[in-house]
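# Chain and residue survey
So the chains spell out like this:
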Amino acid sequence: MIYLVCHSGYLNFGDELIAKTWINFLTNKFPLEEIWVDTCNPGVSAVAFKDYKNIKFTDTLWTASRNSINKGIDYILDLGFQNDGGVSFANGLELIKSARCVHMIGGGYMNSEFYFNYAIIAILAKLKKEAGFELFGTGLGLEPIDQSYERIIGEFFKVFSWIDVRDEKSYQRLIHWGLKSKASFSCDDVFLSPIPQSDEDRPGKLIISAQPGSNPFLVVSFLLKLIEHCPQAQNGIEFLTLDAISDHIIIDKVVSISRRTDIVVRDFNDLWKNGFQISSNDFVFSTRFHAHLVASMMGARGLCASVSVPYYDVKHLSLIEMGSGFDIIGMHDFTFSYDWNKKTETFHDHAQTARKTKLDIVDKVYGFMIESSINDNTIDNSTNLSV
């Protein structure tokens, strides 16, 4: 049995896309293997992934996280959530101990911004010592880490078989903890998917993916000016709703204030079913990490901005340093004197290399398992990012 841990269940497109990437990949690579997925909201996840066989959902580890909210770090270190979890939590832990491997899939959920999630690696470290399953993580973003937590968190990761991270700062942190021999710096787990096909048969539009962050008034003001100045906006404007709640705080305000009547809003379900449908001719502005990533994979260029420092700075800069072709800006001081048709390489030009790197990580962490079916060359294209 494979036991996945992911930040799925809130219908945040990026988190769901990472989960879908691995569920697609593993159900094709190990079609006879039972897979349990520990998600934030297993009912929501079960509906989102209803068409998959041999997949079951639970929330044992995320229960530990929820029970640690507003508790001190000592509560986590003492495994206080285990004492407070009751019989159902204890039964969930027994299930985890029966796994062949526990795999923390990617995302930016394991850092000090969400310190209560450290409960997950605290209990996994304990269960690993008791049961001996393989324990590894891929595509993780560990930054930022509060200095008061650093030594403690490093001790938890020492019991992992392998830790793969998606940014340089996280990798340097692992080296600092003395874990270089079982650490890798590759890329986000979404690169495991084949490159999505872009729509080249239309003129470029302005594509926007934005959330409010700590200053929604700044974001709305910036977007209204962007619509005025970006030449691609003359061909149409499209908002991508990667989070149905927070993104609409921005979308609804911009649509109501703007004089444009041709703004298209694509909701979460549309994106989940039909994909981004981005052209390399489009200009993209994104505050969201995975909109930045997928747009670049489809050959588009654009701008990104952080709505939370340092959390989103680390994320966007990791993509820019990989060669996304985007520029990071400050929404408060951007002058709009910009080369809107600038030609640079994007992830579309070298995503295959990134995917090969990620596949090498897969071979390393899942090498102990006897592959029960197909090789990578016959992986179903349902893994494609367009779905």
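Residues numbered from 1 in each chain as written. Predicted model: local features only at pLDDT ≥ 70, side-chain atom pairs only at ≥ 80, totals over all residues. Heavy atoms only, no water.

With 95% of its residues at a pLDDT of 70 or more, the protein has an overall mean of 93. Note on residues 372-384: pLDDT under 50 across the span, and 28 contacts to partners over four residues away in sequence or across chains. (pLDDT = per-residue confidence, 0-100. Contact = heavy atoms within 4.5 Å.)

Glancing now at the sheet that holds strand S3 (residues 55-58). Note on sheets: strands pair through backbone hydrogen bonds, and any given pair is parallel or antiparallel. Taken together, seven strands build an open sheet; the order of strands is S3-S2-S1-S4-S5-S6-S7 and the sheet is parallel. The open sheet has two free edges, formed respectively by S3 and strand S7 (183-185), since each of these has just one partner strand. Each strand of the sheet is rotated relative to its neighbour by a mean of 20 degrees, with strand direction disregarded. Bridge count for strand S6 (residues 162-165) against S7 is three bridges, and the pairing is parallel. Looking across to S7, one finds that Ile163 is bridged to Ala183. Where helix H9 (residues 168-176) meets the sheet, it contacts strand S5 (134-140), S6 and S7, and its direction lies at approximately 160 degrees from that of S7. (Pairing = 2+ DSSP bridges. Helix = DSSP H or I, 4+ residues; strand = E, 2+ residues; numbered from the N terminus. Axes fitted to C-alpha atoms, helices over the stretch in contact; angles between N-to-C directions.)

Turning next to the side chain of Thr287. Take Thr287: it is sitting in the loop between strand S11 (283-286) and helix H13 (289-297). The exposure class of Thr287 is buried, given its relative accessible area of 0%. Each residue touching Thr287, except ones within four places of it in the same chain, is listed here: Ser209, Ala210, Gln211, Ala305, Val307, Tyr312 and His316. (Buried < 20%, exposed > 50% of the residue type's maximum accessible area, 1.4 Å probe, protein only.)

Before going further, it helps to examine the pairing of S5. When you tally the buried positions in S5, you get six out of seven residues, the bulk of the element. The sheet contact formed by strand S4 (residues 101-104) and S5 spans four bridges and is parallel. Across the sheet, the residue bridging to Met104 is Gly137, located in S5. The parallel pair S4 and S5, bridged by helix H7 (residues 118-131), forms a crossover whose chirality is right-handed. Of the pairings in the sheet, the one linking S5 to S6 comprises three bridges and is parallel in character. (Right-handed = clockwise from strand over helix to strand, strands pointing away.)

By the burial criterion, the buried members of H9 are Ser170, Tyr171, Arg173 and Leu174. One face of H9 carries all of its buried residues, which in axial projection span an arc of 155 degrees. The exposed residues of H9 that point more than 90 degrees off its buried face are Lys169 and His176. Considering only its buried residues, H9 is in contact with S5, helix H8 (147-157), S6 and S7. (Arc of directions from axis to C-beta.)

Counted according to the given criterion, the structure contains 33 aromatic pairs. Between Phe114 and Phe116, the aromatic rings sit 6.4 Å apart at their centres with planes inclined by 70 degrees, giving edge-to-face as the arrangement. Note on Phe114: relative accessible area 29%, which makes it partly exposed. Residue class for Phe116 comes out buried when judged on its relative accessible area of 19%. Where Phe136 meets Tyr366, the ring centres are 5.1 Å apart and the plane angle is 80 degrees; that geometry is what we call edge-to-face. You can see Phe136 sitting in strand S5 and its partner Tyr366 sitting in the segment after helix H15 (347-365), a full 230 residues away along the chain. Using a relative accessible area of 1% as the deciding quantity, one classes Phe136 as buried. Lying over the aromatic face of Phe289, Arg166 brings its terminal NZ or CZ to 4.3 Å of the ring centre. When the ring centre of Trp162 is taken as origin, the NZ or CZ atom of Lys364, which lies over that ring, is 4.6 Å away. (Phe/Tyr/Trp six-rings, centres within 6.5 Å; stacked < 30°, edge-to-face > 60°. Lys NZ or Arg CZ within 6 Å of the ring centre and 35° of its normal.)

Before going further, it helps to spend a moment on the packing of H13 against H15. It is at 7 Å that the axes of H13 and H15 come closest, and there the two elements cross at 100 degrees. With respect to H15, the axis of H13 lies roughly perpendicular. Here H13 contributes Leu293, Ser296 and Met297 to the contact with H15, which in turn contributes Phe347, His348 and Ala351. Residue composition of the contact of H13 with H15, grouped by class: four nonpolar, two polar and no charged. (Parallel < 35°, antiparallel > 145°, perpendicular 65-115°, else oblique. Nonpolar A, V, L, I, M, F, W, Y, C, P; charged D, E, K, R; others polar.)

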